[in-house]
Amino acid sequence: MRNGRLGVLLLTALAPAIWGTTYLVTTEMLPPGRPLLAAVIRALPAGLLLLAVTRRLPQGIWWWRALVLGALNIGVFLALLFVAAYRLPGGVAATVGAVQPLIAAGLSAAILGDRLTPRTAVAGVAGTAGVSLLVLRADARLDALGVAAALGGALVMATGVVLAKRWTSPAPLLATTGWQLVAGGLLLLPVALLVEGPPPAGLTTQNVLGYAYLSLIGAAVAYALWFRGIRALPPTAVSFLGLLSPLVATVLGLIVAGERLNGLQAVGGLVVIAALIAAQTHKQPASRTAAVSAAAPHPAPPQAGAAGHGVITAPSAGQGARKQGAQPCA
């Protein structure tokens with residue numbers, strides 16, 4: 001693997017790693033029972049901040065493309081995520097969401113002309129199995145609507161990743177990121193007000209710090225890194241990095257809550273890591289994806305301190321016992 005590609009991979013991997021901290025921040029720092037509010041505050045202020053910094057609005061066809069991408073990558077995805085979060089245990093939601101790399105690989109073959117190789121398919125299945133061993137509990141219950149929402153979230157996000165690769169914006173990376181965050185946040189705002197009502201009064205300093213972290217780090221920085229990776233890497237490779245979220249969430253449970261991994265969880269973690277390595281070290285065949293990447297302008301790196309894929313992450317066993325239910329993430 002060339003050093004340049006490795007550097008882009010590591011930076012892109014920071015995004016799902018950051019998203020893996022969302023469950024802990026949400027349960028420990030935010031007011032309970034307001035996941036849609038958290039999603040709006042996460043996306044909309046971050047997007048407005050990036051627009052203020054870049055001073056760049058969409059032009060022409062990019063008005064509706066930004067709306068579509070913002071809906072897929074942020075708005076609709078987060079809405080489906082929270083439906084799954086409330087109707088499924090965290091382990092089930094994370095396991096269902098882990099099929100996203102396989103969906104992205106199939107969509108890449110259909111839309112971008114990438115070849116779906118046996119190695120990618122095996123890595124996708126192994127990644128899903130590894131996540132299930134890592135976070136799925138034996139007494140987990142299934143709910144048809146919750147499973148459908150989790151599958152829908154995986155499909156929506158995979159579609160957003162592939163279309164973001166196909167539609168390479170001529171605008172700077174931070175501007176494009178801001179467009180999507182604003183579009184997604186505006187789509188979520190009326191849903192949050194309808195379902196949860198106005199924001200609660202009397203937010204504590206801890207609440208404000210939690211919201212600030214999710215917006216500045218979890219959205220502005222993480223999504224900028226994520227979309228930079230989509231510009232530079234094959235979409236399937238980017239999607240596999242989403243498996244890091246449940247892995248990071250579990251590691252945080254070990255560090256912060258002093259939990260222990262059992263044997264199956266340890267095996268699951270190793271399987272996830274192996275799937276990630278297999279997907280990233282596989283030489284991609286020549287395709288239209290390579291042509292799109294070659295033709296696209298080299299993206300500028302995200303600015304430090306500039307304010308999601310979200311991906312469904314799962315609490316470790318102890319966290320799930322403290323607060324049952326899946327976790328808002330992205």
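Think of each chain on its own: its residues are numbered from 1, step by step along the sequence as written. For this predicted model, a pLDDT threshold of at least 70 governs which residues receive local features, and a threshold of 80 or more governs which side-chain atom pairs are given and counted, while totals over whole chains, interfaces and linings are taken from all residues. Calculated side-chain values reflect all of the structure's heavy atoms, with hydrogen atoms and water omitted.

Novice: Sorry, what's going on with the nonpolar core here?
Specialist: A general tendency of soluble globular proteins is for nonpolar side chains to be buried together. Side-chain atoms within 4.5 Å link the members of a nonpolar core, which is a set of buried Ala, Val, Leu, Ile, Met, Phe, Trp, Tyr and Cys residues. The buried label goes to any residue with under 20% of its type's maximum accessible area, the exposed label to any with over 50%, and the partly exposed label to all in between, with areas taken from a 1.4 Å probe on protein chains only. One finds Leu78, Leu181 and Trp226 to be the most contacted residues of the largest nonpolar core, which totals 64 residues. Helix numbering and strand numbering both begin at the N terminus, where a helix is a DSSP run of H or I of at least 4 residues and a strand a DSSP run of E of at least 2. Element by element, the count of residues in this core is highest for helix H4 (residues 62-87), at ten residues. Counting residues in each nonpolar core, the second largest holds seven residues, with Val92, Ala93, Val96 and Ala150 among its members.

Novice: What exactly am I supposed to notice about the packing of H4 against helix H8 (residues 144-166) here?
Specialist: In helix packing, the relevant descriptors are the interaxial angle and the interaxial distance, both defined with respect to the helix axes. Between H4 and H8, the shortest axis-to-axis distance is 8 Å and the interhelical angle comes to 160 degrees. Between H4 and H8, the interaxial angle falls into the category roughly antiparallel. As H4 packs across H8, the resulting crossing turns out to be left-handed. Here the nonpolar group is Ala, Val, Leu, Ile, Met, Phe, Trp, Tyr, Cys and Pro; Asp, Glu, Lys and Arg are the charged ones; every other residue, Gly included, is treated as polar. Residue classes in the contact of H4 with H8 are distributed as 17 nonpolar, six polar and one charged. For helices, the axis comes from a line fit to the C-alpha atoms of the stretch in contact; other axes are also lines fit to C-alpha atoms, and the angle between any two N-to-C directions lies between 0 and 180 degrees. With respect to orientation, any angle under 35 degrees is reported as roughly parallel, any angle over 145 as roughly antiparallel, any angle of 65 to 115 as roughly perpendicular, and every other angle as oblique. Crossing handedness is read from the near helix: turned anticlockwise from the far helix by less than a right angle, it gives a left-handed crossing, and turned clockwise, a right-handed one.

Novice: I tried to follow helix H1 (residues 3-19) on my own but got confused; where do I start?
Specialist: Owing to its 3.6 residues per turn, the α-helix brings residues three or four apart onto one side. Between its terminal C-alpha atoms H1 stretches 25 Å, which fits the 24 Å expected from 17 residues at 1.5 Å a residue. For H1, the complete set of buried residues consists of Arg5, Val8, Leu9, Thr12, Ala13, Ala15, Pro16, Ile18 and Trp19. Helices are assigned an expected span. That span is 1.5 Å times one less than the residue count.

Novice: Can you walk me through empty space enclosed by the protein in this structure?
Specialist: To find leftover empty space, one rolls a probe the size of a water molecule over the atoms. A pocket here means an open set of points on a 1 Å grid, computed over the protein atoms alone, that has protein on both sides within 12 Å along at least five of seven lines. A cavity is instead a set of points where a 1.4 Å probe fits but cannot get out; residues with an atom within 4 Å of a point line either one. Grid points are joined across faces, edges and corners, and a volume is the space filled by probe spheres set on the points. Reported here for the largest cavity is a volume of approximately 100 Å³. Residue lining of the largest cavity: 13 residues in total, with Ala164, Thr176, Gln180, Phe227 and Arg231 positioned closest to the centre. Mapped by element, the contributors of at least two residues to the lining of the largest cavity are H4, helix H9 (173-196) and helix H10 (205-232). Residue classes in the lining of the largest cavity are distributed as seven nonpolar, five polar and one charged.

Novice: What should I look at first to understand the packing of aromatic side chains in this one?
Specialist: To describe a pair of aromatic rings, one takes the distance between the centres and the angle between the planes. Geometry of aromatic contacts follows a simple scheme: Phe, Tyr and Trp rings, the Trp one being its six-membered ring, pair when their centres are within 6.5 Å, and the pair is stacked under 30 degrees between planes, edge-to-face over 60, tilted otherwise. Summed over the entire model, instances satisfying the criterion amount to five aromatic pairs. Arranged with centres 5.0 Å apart and planes meeting at 50 degrees, the rings of Trp19 and Tyr223 form a pair that is tilted. With Trp19 in helix H1 and Tyr223 in helix H10, this residue pair connects regions lying 204 residues apart in the sequence. Plain terms: the ring middles of Trp19 and Trp226 are 5.2 Å apart, the flat faces sit at 65 degrees to each other, and that makes the pair edge-to-face. Of the two residues, Trp19 is situated in helix H1 and Trp226 in helix H10; the sequence distance between them amounts to 207 residues. For the pair Trp19 and Trp226, a shared accessibility class is recorded, and that class is buried. Here the aromatic residues Trp19, Tyr223, Trp226 and Phe227 are joined through ring pairs into a cluster of three or more. Arg65 extends its terminal NZ or CZ atom over the ring of Trp62, reaching a point 5.6 Å from the ring centre. For a ring to carry a charge above it, either NZ of a lysine or CZ of an arginine must fall within 6 Å of the ring centroid while also lying within 35 degrees of the normal to the ring plane.

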